[in-house]
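One letter stands for each residue in the lines below.
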Amino acid sequence: MRYEGAIFRPPGEWKSYLLQCTVGCSHNKCTFCGMYKDKAFHIRKLSDILEDIQMAKARYGDVKRIFLCDGDAIVMKQEELLAILEALYAAFPSLERVNTYAGPRSTLSKTPEQLRELRQAGLVRAYLGVETGSGALLEKVKKGVSREEMLEAGTRLREAGFDLWAIVLMGLAGPGEASREHAQATADLINRMKPRHLSAMTYMVADNTDMELDVLHGRFQVLTPEEALAETRLLIQGLETGPLHFTSDHASNYLPLKGTLPDGREKLLSLIDGALAGKTLLRGRRGL
């Protein structure tokens, strides 16, 4: 298949055929993210994308899941996205779902009616990088939207019928009181947004980012594994919406966690407490 630059996908899309619709991220200004710093954002020609679909059909025959890359296929023109979805479902008889990352700004550029049209055309799951529920922190890391705009983007996706998967970033605020505020504000925002899935990843220093410079010059302190777990514990304690499928088992996480809230809350908290008490070896402590 034809790809430009490094390709990223959510962990859950490891079985999906990856179709590159846009190159890079339409925003690409977040201070913590180094995923697309080597790419100049642009939207691929529709003719090239449709040709790639036929190449994939010739190679794979049939697929059940497809993920639209890169960082934000939602930013594409409505008619082009609809044409891609139509071509995908026509090419692959067993296709069950097409998923994508959804940037908050590009999501807000679509009307609720357009989002519903995309969902009805077979775009099923939207991964939304929420990062934090703190408006001040969203501004600090240059996410490009306010807290209320982030909430509106997630709410529009959910109300349009998307399987909304929110992603937040533990450690983004640093230690101390900032950590507590980040966890509590994030729990509050997720409670209001009501996604079906929530992944809590852990901040890791990425090359060629503004936050890397902050870390190197002592302006930002990365959380210890114990501090990251304590912050995750606060987040889980504050989550009241449900059923919410919670995962914190990304390679960045020190302790793999997975469960459904609110029913599985006590089990998750018990696992964290055991790790904080030294009963479970953390990934960072094994050198993994």
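**Brief notes about the overall build of the protein**
Alright, step 1. Within the protein one finds 11 helices and 10 strands.
Alright, step 2. What you see for the protein is a C-alpha radius of gyration of 19 Å, in line with the 19 Å of a compact globule of 288 residues.
Alright, step 3. Sorting the 288 residues of the protein into buried and exposed places 52% on the buried side.
Alright, step 4. Taking the intrachain contacts of the protein between residues at least 6 apart in sequence as the baseline, contacts between residues at least 24 apart amount to 78%.
Alright, step 5. Per element, the accessible surface of the protein, about 13,200 Å² overall, is 50% carbon and sulfur.
Alright, step 6. Side chains of the protein carry 38 positive and 37 negative charges; the gap between the two charge centres is 4 Å.

**As for the environment of leucine 85**
Alright, step 1. Within the secondary structure, leucine 85 sits in helix 2 (residues 78-91).
Alright, step 2. Sequence separation of leucine 85 and glutamate 231 is 146 residues, and the distance between their C-alpha atoms is 40 Å.
Alright, step 3. Ignoring any residue separated from it by four or fewer positions in sequence, one finds leucine 85 in contact with Val98, Leu118, Ala121, Gly122 and Leu123.

**Some details on the pattern of salt bridges**
Alright, step 1. Counted according to the given criterion, the structure contains 16 salt bridges.
Alright, step 2. Where glutamate 13 meets arginine 65, a salt bridge forms, and the shortest distance between an N and an O atom there is 3.2 Å. A residue pair is termed long-range when its members are at least 10 positions apart, and glutamate 13 in the segment before strand 1 (17-20) and arginine 65 in strand 4 (residues 65-69) qualify at 52 residues.
Alright, step 3. Note on glutamate 13: relative accessible area 0%, which makes it buried.
Alright, step 4. Residue classification places arginine 65 among the partly exposed positions, given a relative accessible area of 24%.
Alright, step 5. Close ionic contact of arginine 219 with aspartate 214 constitutes a salt bridge, the shortest N to O distance being 2.8 Å.

**Observations regarding the sheet that holds strand 7 (residues 163-170)**
Across a sheet, strands are paired by hydrogen bonds formed along the backbone, either parallel or antiparallel in direction.
Alright, step 1. Spatially, 1-4-5-6-7-8-9-10 is the arrangement adopted by the eight strands of the open sheet, whose pairing is mixed. Both edges of this open sheet fall to strand 1 and strand 10 (258-261), since each of them pairs with a single strand only. Strand after strand, the sheet turns through a mean of 25° between neighbouring axes, direction not considered.
Alright, step 2. In the sheet, strand 9 (residues 244-247) pairs with strand 10 via four bridges, with the strands oriented antiparallel. Within the sheet, the bridge partner assigned to histidine 245 lies in strand 10 and is threonine 260.

**Thoughts on unusual backbone geometry**
Alright, step 1. Aspartate 70 follows cysteine 69 through a cis peptide bond whose omega is 0°.
Alright, step 2. Positionally, aspartate 70 belongs in the loop between strand 4 and helix 2.
Alright, step 3. Each neighbour pair has its own omega, and for leucine 261 with proline 262 the value is 5°, a cis peptide bond.
Alright, step 4. Along the chain, proline 262 turns up in the loop between strand 10 and helix 10 (265-276).
Alright, step 5. Unlike most non-glycine residues, glutamate 131 shows phi in positive territory, near 70°.
Alright, step 6. With a relative accessible area of 9%, glutamate 131 lands in the buried category.

Rules used in this analysis
- Residues numbered from 1 in each chain as written.
- Predicted model: local features only at pLDDT ≥ 70, side-chain atom pairs only at ≥ 80, totals over all residues.
- Heavy atoms only, no water.
- Helix = DSSP H or I, 4+ residues; strand = E, 2+ residues; numbered from the N terminus.
- Rg over C-alpha atoms; globule rule 2.2 N^0.38 Å.
- Buried < 20%, exposed > 50% of the residue type's maximum accessible area, 1.4 Å probe, protein only.
- Contact = heavy atoms within 4.5 Å.
- Areas by Shrake-Rupley, 256 points an atom, 1.4 Å probe, with all protein chains shown as cover.
- Lys, Arg positive; Asp, Glu negative; His and termini not counted.
- Charge placed at Lys NZ, Arg CZ, Asp CG, Glu CD.
- Salt bridge = Lys/Arg side-chain N within 4 Å of Asp/Glu carboxyl O.
- Pairing = 2+ DSSP bridges.
- Axes fitted to C-alpha atoms, helices over the stretch in contact; angles between N-to-C directions.

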